[in-house]
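Here is how the chains run, residue by residue.
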Amino acid sequence: MTPRILLPALCAVLAAAPLPAVAQASGSPGADPGRRAALSAAIPEIDRLMSDFAARSRVPGFAYGIVMDGRLVHVRTAGIRELSSRAPVDTGTVFRIASMTKSFTAVAILQLR
């Protein structure tokens with residue numbers, strides 16, 4: 001799986017998060033107490049979007065997690081990690097990220113603005 005394929009999906013998921021919720025993710029005073037419930041309600045749609053993207057892009061396998069307030073609140077894996085053995089992706093699968101750290105740094109900077 002190439003990092004170029006998952007980057008648009010990651011950006012779409014991050015862009016869909018309302019900025020006030022992102023800014024308040026640290027649990028600061030005034031944070032919306034219904035954020036966790038709202039996220040729980042959105043998880044089936046997020047899973048569907050990721051599965052649809054993987055199918056359209058012919059991604060052999062993927063794994064992602066959603067972190068809220070420093071805790072992993074959702075993790076999903078799907079597909080295969082190795083075409084020759086058909087081994088499934090699991091939570092311990094290691095993916096090459098190439099130069100995607102630049103994208104994560106850019107997203108972190110945007111969140112800090």
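Values in this document were obtained by computation on a predicted structure and should not be read as measured data.

**Let's talk about unusual backbone geometry**
For step 1, the next point in the chain: The backbone phi angle of arginine 58 is positive, close to 55 degrees, even though this residue is not glycine.
For step 2, the next point in the chain: Its place among the elements puts arginine 58 in the loop between helix H3 (35-57) and strand S1 (61-68).
For step 3, the next point in the chain: Residue classification places arginine 58 among the exposed residues on the basis of a relative accessible area of 74%.
For step 4, the next point in the chain: You will see that aspartate 69, though not glycine, has its phi angle at about 55 degrees, which is positive.
For step 5, the next point in the chain: Here aspartate 69 shows up in the loop between S1 and strand S2 (71-82).

**Quick word on the confidence of the model for the protein chain**
As a note on interpretation, predicted positions should not be read in detail where pLDDT is low.
For step 1, the next point in the chain: Per-residue confidence for the protein chain gives a mean pLDDT of 79, with 73% of residues at or over 70.
For step 2, the next point in the chain: Of all the helices and strands in the protein chain, helix H2 (residues 19-23) carries the lowest mean pLDDT, 42, while strand S3 (residues 87-88) carries the highest, 94.
For step 3, the next point in the chain: Across residues 1-26, where pLDDT falls below 50, the model places 34 contacts with residues more than four positions away in sequence or in other chains.

**Things to note about the sheet that holds S3**
For step 1, the next point in the chain: What the 3 strands build is an open sheet, ordered S1-S2-S3; its pairing is antiparallel. In the strand order of this sheet, the two ends are held by S1 and S3, each with one partner.
For step 2, the next point in the chain: Contacts from H3 reach S1 and S2 within the one sheet, and its direction differs from that of S1 by about 165 degrees.

**Here's the deal with the packing of aromatic side chains**
Centre distance and the angle of the planes are the two values used to describe a pair of aromatic rings.
For step 1, the next point in the chain: Tallying each qualifying case throughout the model produces 1 aromatic pair.
For step 2, the next point in the chain: Their ring planes at 15 degrees and their centres at 5.9 Å tell us that phenylalanine 62 and tyrosine 64 sit as a pair that is stacked.
For step 3, the next point in the chain: In this structure phenylalanine 62 comes out as buried when scored by relative accessible area, which is 4%.
For step 4, the next point in the chain: A residue is classified by how much of its surface remains accessible, and tyrosine 64, at 14% relative accessible area, is buried.

Criteria and thresholds
Residues numbered from 1 in each chain as written. Predicted model: local features only at pLDDT ≥ 70, side-chain atom pairs only at ≥ 80, totals over all residues. Heavy atoms only, no water. Helix = DSSP H or I, 4+ residues; strand = E, 2+ residues; numbered from the N terminus. Buried < 20%, exposed > 50% of the residue type's maximum accessible area, 1.4 Å probe, protein only. pLDDT = per-residue confidence, 0-100. Contact = heavy atoms within 4.5 Å. Pairing = 2+ DSSP bridges. Axes fitted to C-alpha atoms, helices over the stretch in contact; angles between N-to-C directions. Phe/Tyr/Trp six-rings, centres within 6.5 Å; stacked < 30°, edge-to-face > 60°.

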